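Next come the chains, spelled out residue by residue.
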Amino acid sequence: MIKIGVFSYNFEHYKSTMGLLNMLTIGIKPDVIYAANKVELNLDTSAFRSNIRGLFALNPIEIASLHEINYIIGKHNSPETIHDIASRKLDLGIILGARILSKEVIDSFSIGIINIHSGLLPFNRGLDNVQWAIKDDLPQAVTLHFINEEIDRGKMVLEEQISIQSDDTLLDMQMKLIGTEQRLLRKFLRNIKTLSNSWKEKLPDIDKGKYHSILLDNRDLKFEIAFDNYLRKWSSI
């Protein structure tokens, strides 16, 4: 049996909530949840908001308590977390909420750690993936991949593009991507019994692509025009 550790946040968080419920509804119970407390990051604000406000979410500790899942609050990259992963002899890590994980954490799992990224990899790495897909004329897509120590790189597992309608907003696109993230997670988990290092090594590498920061300014990008052109093109495909 594959032994699983989940990385989440220790506060109300939609992706953590839905990911854990998805796992449990298909009969997969993680061995442990590593929950990180909230940290103020002081990031710049995107010029064009795509994050969804007001989505209902639980603190993962409520799910862990109800289903008797080990729940450890602490920094994901701490020596204590690394020691705990090794002591439990975990095979697979699943990121539902985390910052950048260290190589030491990744290497502590016998098979590896998967992430679900709301962008087409390797071309749309980093932040503000909806906006950068529009700027770079890329499909809106979700990628499920094994991570390595580089941001949004590793081994490709699953990828799925979303459909675009001519009257979509940025928030519509983001909501579709959120749903697709959970659908790919379910698809992956339903085949988890076949998971092995030999299978993983045959997966294609994600080793190129451009990293994007937050899209701050549209003065040179003429984003509204680009968005209209994007909708016309991609809604007809």
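Residues numbered from 1 in each chain as written. Predicted model: local features only at pLDDT ≥ 70, side-chain atom pairs only at ≥ 80, totals over all residues. Heavy atoms only, no water.

## A word on the side chain of Asp128
Piece 1. For Asp128, the location among the structural elements is in the loop between β6 (125-126) and α5 (129-135).
Piece 2. Not counting chain neighbours up to four residues away, the residues in contact with Asp128 comprise Ser46, Ser213, Ile214 and Leu215. (Helix = DSSP H or I, 4+ residues; strand = E, 2+ residues; numbered from the N terminus. Contact = heavy atoms within 4.5 Å.)

## Overview of unusual backbone geometry
Piece 1. Cis geometry marks the peptide bond from Leu121 to Pro122, where omega comes out at 10 degrees.
Piece 2. Topologically, Pro122 is positioned in the loop between β5 (112-117) and β6.
Piece 3. In the Ramachandran plot, Asp128 falls in the positive-phi region, its phi being about 50 degrees despite a non-glycine side chain.
Piece 4. Asp128 gets classed as buried once you look at its relative accessible area, which sits at 15%.
Piece 5. At Asp152, a residue that is not glycine, the phi angle is positive and equals roughly 55 degrees.
Piece 6. You can see Asp152 is positioned in the loop between β7 (141-147) and β8 (154-161).
Piece 7. Looking at Asp152, the relative accessible area reads 11%, which means it is buried. (Buried < 20%, exposed > 50% of the residue type's maximum accessible area, 1.4 Å probe, protein only.)

## Describing the pattern of salt bridges
Where charged atoms of side chains with opposite charge meet at close range, the side chains can pair.
Piece 1. Enumeration according to the criterion identifies 9 salt bridges in this entry.
Piece 2. With a shortest N-O distance of 2.6 Å, Asp107 and Lys103 are connected by a salt bridge. With Asp107 and Lys103 both in helix α4 (residues 103-107), this residue pair falls 4 residues apart, about one helical turn.
Piece 3. The exposure class of Lys103 is partly exposed, given its relative accessible area of 42%.
Piece 4. One salt bridge connects Asp205 with Lys155, and the closest N-O pair in it is separated by 2.8 Å. Taken together, the positions of Asp205 in strand β9 (residues 205-206) and Lys155 in strand β8 put the pair 50 residues apart, joining distant regions of the chain. (Salt bridge = Lys/Arg side-chain N within 4 Å of Asp/Glu carboxyl O.)

Structural measurements only, silent on function.
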